[in-house]
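Structural characterization, general
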Amino acid sequence: MQFILLVGLIATTLAVAPVRFDREKVFRVKPQDENQANIIKDLAKTNKLDFWYPDASHHVAANMTVDFRVSEKESQSLQFALDQNKMHYEILIHDLQEVIEKQFDVKENTPDRHSYAKYNTWDKIVAWTEKMMHKRPEMISRIKIGTTVEDNPLYVLKIGKKDERRKAIFMDCGIHAREWISPAFCQWFVYQATKTYGKNKIMTKLLDRMNFYVLPVFNIDGYIWSWKKNRLWRKNRSKNQNFKCIGTDLNRNFNVSWNSSPTTQSPCEDTYPGPAPESEKETKAVTDFIQSHLKSIKAYITVHSYSQLLLFPYGYTSKLPPNNEELTKAAKIGTDVLSTRYETRYIYGPTASTIYKTPGSSLDWAYNLGIKHTFAFELRDEGRFGFLLPESRIKPTCKETMLAVKFIAKYILKHTS
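Described in the following lines is the structure provided in the data block. (Residues numbered from 1 in each chain as written. Predicted model: local features only at pLDDT ≥ 70, side-chain atom pairs only at ≥ 80, totals over all residues. Heavy atoms only, no water.)

Here's the deal with the packing of aromatic side chains
Each aromatic ring pair is specified by the distance between its two centres and by the angle formed by the two planes. What counts here: For Phe, Tyr and Trp, rings pair up if their centres lie within 6.5 Å, where Trp contributes its six-membered ring, and each pair is then called stacked (planes under 30 degrees apart), edge-to-face (over 60) or tilted (otherwise). Think of it as a cone above the ring: NZ of Lys or CZ of Arg counts as a charge over the ring if it is within 6 Å of the ring centre and within 35 degrees of the ring normal.
Taken as a whole and assessed by the stated rule, the structure comprises 25 aromatic pairs. Here the aromatic cluster, defined as three or more aromatic residues joined through ring pairs, consists of Phe104, Tyr119, Trp180, Tyr223 and Trp227. Positioned above the aromatic ring of Phe385, the side-chain terminus of Arg384 is 4.4 Å from the ring centre.

A look at the state of the cysteines
Applicable threshold: Two cysteine sulfur atoms make up a disulfide if the distance between them is within 2.5 Å. The helix count covers DSSP runs of H or I at least four residues long, the strand count covers runs of E at least two residues long, and both are numbered beginning at the N terminus. Each residue's exposure class comes from its accessible area (1.4 Å probe, protein chains only) as a fraction of the maximum for that residue type: buried when under 20%, exposed when over 50%, partly exposed otherwise.
Taken as a whole and assessed by the stated rule, the structure comprises two disulfides. The side chain of Cys173 participates in a disulfide bridge whose partner is Cys186; the two sulfur atoms lie 2.2 Å from each other. Judged by the sign of its S-S torsion, about 80 degrees, the cystine formed by Cys173 and Cys186 is right-handed. Of the two residues, Cys173 is situated in strand 7 (residues 167–173) and Cys186 in helix 6 (residues 181–196); the sequence distance between them amounts to 13 residues. The class of Cys173 is buried, set by a relative accessible area of 0%. The disulfide bridge from Cys245 ends at Cys268, spanning 2.0 Å between sulfur atoms. Disulfide Cys245-Cys268: torsion about the S-S bond near 85 degrees, hence right-handed.

Focus on the sheet that holds strand 3 (residues 66–70)
Cut-off, in case you're wondering: By the convention used here, strands pair only if DSSP detects at least 2 bridges between them. Structural elements are reduced to axes, namely lines fitted to C-alpha atoms, with helices fitted over the stretch in contact, and the angle between N-to-C directions of any two is expressed from 0 to 180 degrees.
Reading across from one edge, 2-3-1-4 is the order of the four strands in this open sheet, with antiparallel pairing throughout. Both outer strands of the open sheet, strand 2 (50–53) and strand 4 (89–93), are each paired with one neighbouring strand and no more. Between one strand axis and the next, the sheet turns through 30 degrees on average, direction left out of account. Here strand 1 (residues 25–29) runs beside strand 3; their pairing, made up of five bridges, is antiparallel. Bridge pairing in strand 3 links Val26 to Arg69.

Everything listed is a geometric property; what it means functionally is a separate question.
Structure representation (structure tokens):
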């Protein structure tokens, strides 16, 4: 009996041990033609490749930059296959675990204060939402819009005056768990908006005339899991019937061209869209909230990483939206404004033609709902660190992104009725 208990205890301990990525590598390959693109797709079938860009092997095409993670065990045979086929590649990351540990490169000066220069756990973020609400009650209110699968509260921070009829922008961060720079930006935005109100001319004008609804972490359960168990987790944590694989990609779960990709129907895929549109509690909470505030919400902004892109609809089709010219103009100026701070280069355009097709995304859903100004940021960097951007890059990333978001808000104020 004692032996059985001991075996059970060991099994439980092993089951919850955090994933380590010692000597795992991140490769960058640029297939020159369709034949080379197919070689990568074939390698993905025989090797366990974690695609960072694009997010799944079926998107791989000629002349596309492809980033993927591979285990130490499989990296040699993979390198051999690439060499055999005369494919050009570089190794962006040689030891993934080392890069993960080096992310935390900012020293905490005052541990009791919320840091905007560090990555914060969900516990710290939820405490921060309460603190902000009490610190600036005239400007910030906290709205519980629902709960996650694991019963964590989904909080939206409303920034602005009490008037519900004013124009508003809805912004969310952290829909994909491993993209930590995204929630860091939402925290930065709330902090800077309230701190500079009355001091910065543009921010004062914006908050005097419009409201912002900010969801600091969309995928809370996945975010917690990425801190405690698997740094590279992407999906939420819902259980899938008759499958051991956990989670749904929340950014494929919206009711717009849902599940139109036959290659992602397995719950074991990172881009699994779920058993039905809006099947996930998180998605449903957000769609219900936006629909109930549709009269005032004039723009939707969703923040991701990485690639340095500013995207707009459509993602599920190559067809251009009716106001494509306007969205292109706004995105162009937005990326120009962003680059004035540190000369960071962003590419802009419709999702499907700029990167690859993305059915079931929040961006297209919000656009089709009637919010005609919807944008997705893919923040720093271009792949040197990928999802593992060091903390020392948080502030510069947030500062430049803030310029673009302020421009978009200004544009919405002026050009929407």
